[in-house]
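Listed below are the residues making up each chain.
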Amino acid sequence: MKAAEFGYLRPGRMEEALQALAAGEGAAMPLAGGQSLMPMMNFRVAMPETLVDLAALAELRGIHDAGERVVIGAMTRWSELMASGLIAAEVPLLARALPEIAHPAIRNRGTIGGSVALADPAAEVPAVLLALAGVVVLRSLAGERRVAAGDFFLGHYETARAADELIVALEVPKARGLRHGFHEIGRRHGDFALAGAALAVAVEGARVMEARIALFGVADRALRATGAEAALRGAVLGDGTALDRAVAALAEIDFAGDIHASAPMRRHLAGVALRRAWAEGVA
Amino acid sequence: MTGMARLTCRVNGEEVRAEVPVRRNLLDFLRNDLGLTGSHAGCEHGVCGACTILVDGVTVRGCLMLAVQAEGAEVVTVEGLAESGRSAALAAAFTARNALQCGFCTPGMIASALEYIDGGGGPDRAAIRAHLSGNYCRCTGYQAVVDAVCDVIGGAAK
Amino acid sequence: MTGPATIFDRPNRYIGTAEPRADAARLLQGRGRFVDDIQLPRMVHAAFLRSPHAHARIVSLDVAAARAMPGVAAVWTGAEMAAHVTPWVGVLTHLAGLRSPPQPALAVDVVRWQGEPVAMVVAATRAEAEDAVERIEADYDPLPAAVRMEEALSPDAPVIHPEFGSNLAWERRVETGDMAAAMAQPGVTVVERTFRFGRHTGVTLEPRATVMDYDPAEDRLTMHYSGQAPHMMQVVLSRHLGLPEENIRVISNDVGGSFGIKIHTYGDEIAVGAAARLLRRPVKFVADRMESFMTDIHARDHVVTGRIGVHADGRIAGLEIDDLTGIGPFSMYPRTSAIECNQVLNLTGAPYRMEAYRARGRVVFQNKNMMCQYRAVGHPIAMAVADGLLDEAGRALGMDPVVIRQRNLIADDAYPTTSASGMKLDDLSHQKTLAKLVEVMGYEALRADQAAARARGVHRGIGILSMVEVTNPSPMFYGIGGAPIASQDGATVRLDAGGALHISSSVTEQGQGTNAILAQIAAGVFGVDIGRVKVTTGDTATVPYGGGTWASRGAGIGGEAMLLAAHALKEQVLEVAGVMLQAGVESLDIRAGKIVDEATGAERMGLADLARTVYYRGNELPADLKPELVATRHYRVSDMPFVFTNGAMGAYVEVDTDTGFTKVLGFWAVEDCGRVINPMLVDEQVRGGVVQGIGGALYEECLYDDQGQLLNTTMADYLVPMAAEMPDIVVAHVETPTKTSILGAKGAGEAGTGGAPGAILNAVNDALAPLGASVWQMPITPERVLRALGVVAD
């Protein structure tokens, strides 16, 4: 189980990295934390011609307070996010999700940009970005563009990132006044989710003004449960029937089955995750 | 840059200069190029934890890092932890509790346990189990490992 | 048996104490000596092309491009390798009727399971070998596959070996008593259930690994072996590579877990031996994790329909089982793949009295990876079936699980006796063990907690299981059937000039602490400080001949041989001391490395003084004294086919009826493994065994699709128990030494794995019972629970 041959570049400047990706014409892959890419290369499932190691690009690191938003460099590692007071204070939903990601040694290397780029349907952070209406910042030789998380995750390991683009940062609006809930159902500690829910809910008085509900581990990608969101909009907190309607509305989702859980099982667990996330952070 | 690459790093306190195939992972480099066979290849896809080592002070999977990514890094393996005495208390506790059987997972287990202890982790059995859950052990049933970590922390287990 | 009966309470006793393992320090410092750590001059590395199909004809194999790849030393197809390795047949004569065709090291013409080796590449590095494997052009013509064992015997199933006419490998029946009459008695309640046990595998953390080193000058092959039975491998290599046995040396140093996985003949490993011989240079093969999942033997994979009839007072009238198991396309060599089924038939219901017992077992070929003996062979099936049925019967009668077991367990004073299946049983303690379990788990308090939880809508359950375990097997296990597998083991103890003991044994160390307990026995019986005992195991060139470590035999058989050897050497040394000291032998003893006066303990002479006189200054000794400072003894179990142990296990679980998740809140194991040599090592063996059992009960399953493709070949997809989900496990002992040896030790290594699955199953069903649901399939996955509850449906 050894990786096939590849070329390796560690550019010191962003320009070089973008040139390398453009020159690779799809056969060059960015190497971020490597915690998913390396296993795929060891299995020879991924066989890039060239790896463009982003480690030397200092501008991709770090967490910045940008007023209404928090900007997270794509190469920021999970462990750095977990240690960040800014994340804990301003992006509590992300802070809540981080300990659920894999194991310490993986979190010491794995990066948020790498996870978003891979778009594993069972990964936590794509759902968190959906619930928080985050933005993916992409750059190529042609310039920079900002893609809403809702437009970024397109399908099974498929995103809006072009092969010559790098994710340079994630932008997340500060959580001002939102309630958050998160629940993940996995077989073992650190396993990918059988189902999970990330919620960001605006409440005024006892009334739900807006609920953003993102599910992960249940379909081909992390996705918003729009029917459930509609069912909860305007509901009074503590009104169990609204939550029941929201869970029933999950039926609209195209649930995916695999060896770990069938589609009907995932449909059921998505409802459980939604209820538990709601109970944890909203109700 | 294809094929081979130059690598300069520090391993267990010694400077290492080497020419390595870029596709060689850090684990294979340590084991086969440097003869540091204490870190073990259990799965080569980052799940079992038997290759867990310290890079720049934090635990990483040796199989999920290319050797060339260690450029300029400070790498410490179980051999280094033993030589420097950093793992002495854990080793004594592992022995006293029989927290190892075949010993294949042990070097990774030591690295992860050390990170927990040095990070100020308390004698909370559930927290220790959670922290070590990325390190498979197929022999002990884990209990003795948790006991040993608690012993080193020194408090009564919750 | 006569012997040094006082060895257990001598001044320098070590037997029964929690001595730490001397070899732990090495492993803790990263100085282990595992096979993959070996680097030899000119060594090359093997990788294999493996079949992507469950069943296919090999139309063509073009290896020309692979041979031209950088670093490649050689490439062999299966047909080419067949010229150098003779095929083997995995049958034994005492398993009457078992059939299996000759199996080549690498597939020839037809592939019969996904993962079967098809061609071998040897190159300068493993990476280059894999590069070349990718360049082999293989063309297959897929054949219909017999995948599901339930369909393997149907008339329209593809027959894997046409010469046999069907996929039946073996069938056995057992019948005692009159089943029809027993079940037809008035007042007998009959309960029937079908149990399914998923395939799982050992997942040794160190994968299978082999270095073969051939020396043409001496025509000698050295195998560095990650395995359990060096002498068996010596014979296997000799037979199939055509070398004299004595020209083969098998060395087993540190072994990173084995659990029965590493005791079989794997074609890829034998081919490595042939390659080393042909290339005249060392060849290493280390299975990667994907290869491990696809080719390490799998185990379990049984469907058992069981029927129990009980009287109104809970006594068993009759127990009947029908076991079907799928073993892959061949019976594994040389132990065969029929043993697990055989064990199921022998062991089901063995703790209990009953009026009638009837069992049928069928072993079928299928196009999946091969199935063979993995830790606790057959026990998890036998115990879960009998105790699952007993609990169901108890529920039908409204009888507590403890009570119904008390009504049926063979009484502690009833031995020797015979089980319903005809097994000779002696020195067991089911009643005492169950009583102790009830005490240590706080059974009544748990029942109260369960009721309180139920009132809160939390569903908890208690599972109880009584069990036997086969340990210390006699020649009746394998040797009788023609297998080159020793049931006896040898031990050598040598007093060196410095007064230290060098001991060696034919049992091997895979982490159980075998070396440690051998040292304890030798030090205690002979009379030196344990720090002065050096242990050698796992080398056919230096250790006495014997079977190795499997079937929970290391301590009981290897330990007894060591006891006998240490005692013999002591007598030899005291004879010399008696002459040197002009004292009667019976007035002397050896304690803490010194010859002492038996009565007063006063020192008469240091052992080193004695040894140096013998070795260096023999001129000081009488000419007619012929000192022998080395002794070797062998031991086999001769009075019984097996030495059974018994145990009782308890599980307390909570089932989340929303998610279907089962959390193990507590687990208790009470073991009677006879004399406990090292309680710390035994307890952790039991705990590790329990965790593997919990793995089988809740997590682990090799999943195949209808085409015979294994779907989970990564550690992320095959779920091994991790620390966070496992409970602390309470271990307690009842000690009933076996009368078959002086040491009195029985095996302990497999009990947890054998008993835990049934205990967990019973606990889950105890939790689900008030909801009108039950689960009879392992692993008990969340989805299976929710489907049983009717919460999830297609």
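Since this is a predicted model, take the numbers as computed values, not measurements. Residue positions are given per chain, counting from 1 as you read along its sequence in written order. All chains are assigned letters beginning at A, and all ligands numbers beginning at 1, according to the order in which they are written. Whole-chain, interface and lining totals are the exception, using all residues; otherwise, since this is a predicted model, local features are given only for residues with pLDDT of at least 70 and side-chain atom pairs are given and counted only at 80 or more. For side-chain calculations, the full set of non-hydrogen atoms in the structure is used, while hydrogens and water are omitted.

(A) Spotlight on the packing of aromatic side chains. A pair of Phe, Tyr and Trp rings is counted when the ring centres sit within 6.5 Å of each other, with Trp represented by its six-membered ring. The angle between the planes then sorts it: under 30 degrees is stacked, over 60 is edge-to-face, the rest tilted. Evaluation of the coordinates by the stated rule reveals 14 aromatic pairs over all chains. Aromatic pair C:F48 and C:F285: ring centres 5.0 Å apart, planes at 85 degrees, arrangement edge-to-face. In this pair, C:F48 is assigned in strand β1 (residues 44-50) and C:F285 in strand β12 (residues 283-286), connecting sequence segments 237 residues apart. C:F48 gets classed as buried once you look at its relative accessible area, which sits at 6%. By relative accessible area, C:F285 is classed as buried at 0%. Ring centres 5.2 Å apart and planes at 80 degrees place the aromatic pair C:F477 and C:F642 in the edge-to-face group. Of this pair, C:F477 sits in the loop between β18 (459-471) and β19 (489-495) while C:F642 sits in the loop between β25 (630-635) and β26 (643-655); the two residues are 165 residues apart in sequence, bridging distant segments of the chain. When sorted by exposure, C:F477 lands in the same class as C:F642, which is buried. Each residue in the set C:F477, C:Y478, C:W550, C:F642 and C:F644 is aromatic and connected to the rest through ring pairs, giving one cluster. The rule for a charge over a ring is simple: NZ of Lys or CZ of Arg within 6 Å of the ring centre, and within 35 degrees of the ring normal. Across the ring face of C:F661, the terminal group of A:R187 is positioned such that the distance to the ring centre comes to 5.9 Å. The lysine or arginine in question, C:R553, covers the ring of C:W550, its NZ or CZ lying 4.7 Å from the ring centre. In DSSP terms, a helix is any run of H or I states spanning at least four residues, a strand is any run of E spanning at least two, and both are numbered starting from the N terminus. The buried label goes to any residue with under 20% of its type's maximum accessible area, the exposed label to any with over 50%, and the partly exposed label to all in between, with areas taken from a 1.4 Å probe on protein chains only.

(B) Structural detail: the pattern of salt bridges. Residues and elements named next belong to chain C. What counts as a salt bridge is simple: a side-chain nitrogen of Lys or Arg found within 4 Å of a carboxyl oxygen of Asp or Glu. All told, the structure shown has 86 salt bridges over all chains when counted by the stated rule. E206 is the partner of K262 in a salt bridge, and the nearest nitrogen-oxygen pair spans 2.8 Å. You can see K262 sitting in the loop between β11 (248-251) and α7 (267-279) and its partner E206 sitting in the loop between β8 (189-201) and β9 (209-215), a full 56 residues away along the chain. The exposure class assigned to K262 is buried, which follows from its relative accessible area of 3%. Given a relative accessible area of 2%, E206 falls into the buried group.

(C) Broad picture of the interface of chain C and chain B. At the interface, 53 residues of chain C touch 46 residues of chain B. The quantity reported as buried area is the accessible area (1.4 Å probe) lost by two parts once they are put together, taken as the sum for both. Together, the buried faces of chain C and chain B total about 4000 Å²; carbon and sulfur atoms form 56% of this surface. Together, C:L28, C:L205 and C:E684 form the three largest contributors to the area buried by chain C at its contact with chain B, with a combined 19%. Counting across the chain C and chain B interface gives seven salt bridges. Among the ionic pairs, B:R125 bridges to C:D728, the shortest N-O distance being 2.7 Å. For the purposes of these results, a polar contact is taken to be a pair of N or O atoms within 3.5 Å, where, inside protein, one atom must be able to donate a hydrogen and its partner to accept one; residues adjacent in sequence count only when each atom of the pair is a side-chain atom. Counting across the chain C and chain B interface gives 25 residue pairs in polar contact (both at pLDDT 80 or more). Between two residues, a contact is recorded if the distance between any of their heavy atoms is within 4.5 Å.

(D) Here's a closer look at the side chain of C:T781. Structurally, C:T781 can be placed in the loop between β29 (777-778) and α19 (782-788). Once you skip the residues sitting within four places of it in the chain, C:T781 turns out to touch A:R187, C:G660 and C:L698.

(E) Expanded view of the side chain of C:D268. Inspection of the secondary structure puts C:D268 in helix α7. In this structure C:D268 touches C:F48, C:R50, C:A105, C:P117, C:R208, C:F285 and C:T295, once residues within four positions along its chain are discounted.

(F) The arrangement of the nonpolar core in detail. We define a nonpolar core as any set of buried Ala, Val, Leu, Ile, Met, Phe, Trp, Tyr and Cys residues linked to one another through side-chain atoms lying within 4.5 Å. In terms of nonpolar packing, the biggest core is built from 213 residues, with B:F94, C:M120, C:L237, C:F667 and C:I760 touching the most fellow members. Contact partners of C:F667, with chain neighbours within four places excluded, come to C:M649, C:G650, C:A651, C:V690, C:P727, C:D728, C:I729, C:V730, C:A756, C:A759 and C:I760.

(G) Broad picture of the sheet that holds strand β23 (residues 594-597) of chain C. Residue and element names in this part refer to chain C. Strand pairing follows a simple DSSP-based rule, namely that at least 2 bridges must link the two strands. Reading across from one edge, β22-β23-β24 is the order of the three strands in this open sheet, with antiparallel pairing throughout. Each edge of the open sheet carries a strand with a single partner, namely β22 (588-591) and β24 (603-606). Across the sheet, the mean angle separating the axes of adjacent strands is 30 degrees when strand polarity is ignored. Sheet analysis places β22 next to β23, joined by four bridges and oriented antiparallel. Directly across from L588, in β23, lies its bridge partner D597. Between N-to-C directions, angles span 0 to 180 degrees; the directions come from axes that are lines fitted to C-alpha atoms, helices contributing only their stretch in contact. Strands β22, β23 and β24 of the sheet are contacted by helix α15 (residues 554-581), whose axis makes an angle of about 120 degrees with β22. Contacts from helix α16 (residues 607-616) reach β22, β23 and β24, with the element oriented near 50 degrees to β24.

(H) Region of interest: empty space enclosed by the protein. All names here are of chain C. Buriedness of a pocket was judged along seven lines, with at least five required to meet protein on both sides within 12 Å; pockets are open sets of points on a 1 Å grid over the protein atoms alone, cavities are sets where a 1.4 Å probe fits but cannot get out, and lining residues have an atom within 4 Å of a point. Grid points are joined across faces, edges and corners, and a volume is the space filled by probe spheres set on the points. Here the structure, examined in full by the defined rule, presents eight cavities of 30 Å³ or more. Approximately 710 Å³ is the volume attributed to the largest cavity. Forming the boundary of the largest cavity are 46 residues, of which Q512, T549, S552, Q685 and G749 lie nearest the centre. Secondary-structure elements contributing two or more residues to the lining of the largest cavity are α14 (514-527), α15 and α17 (679-699). The element best represented in the lining of the largest cavity is α17, accounting for three residues. Split into classes, the residues belonging to the lining of the largest cavity amount to 20 nonpolar, 20 polar and six charged. The calculated volume of the second largest cavity comes to roughly 130 Å³. Lining the second largest cavity are 18 residues, and of these Q103, W113, P117, Y266 and G267 lie nearest its centre. Just so you know the grouping, Ala, Val, Leu, Ile, Met, Phe, Trp, Tyr, Cys and Pro go in nonpolar, Asp, Glu, Lys and Arg go in charged, and all remaining residues, Gly too, go in polar.

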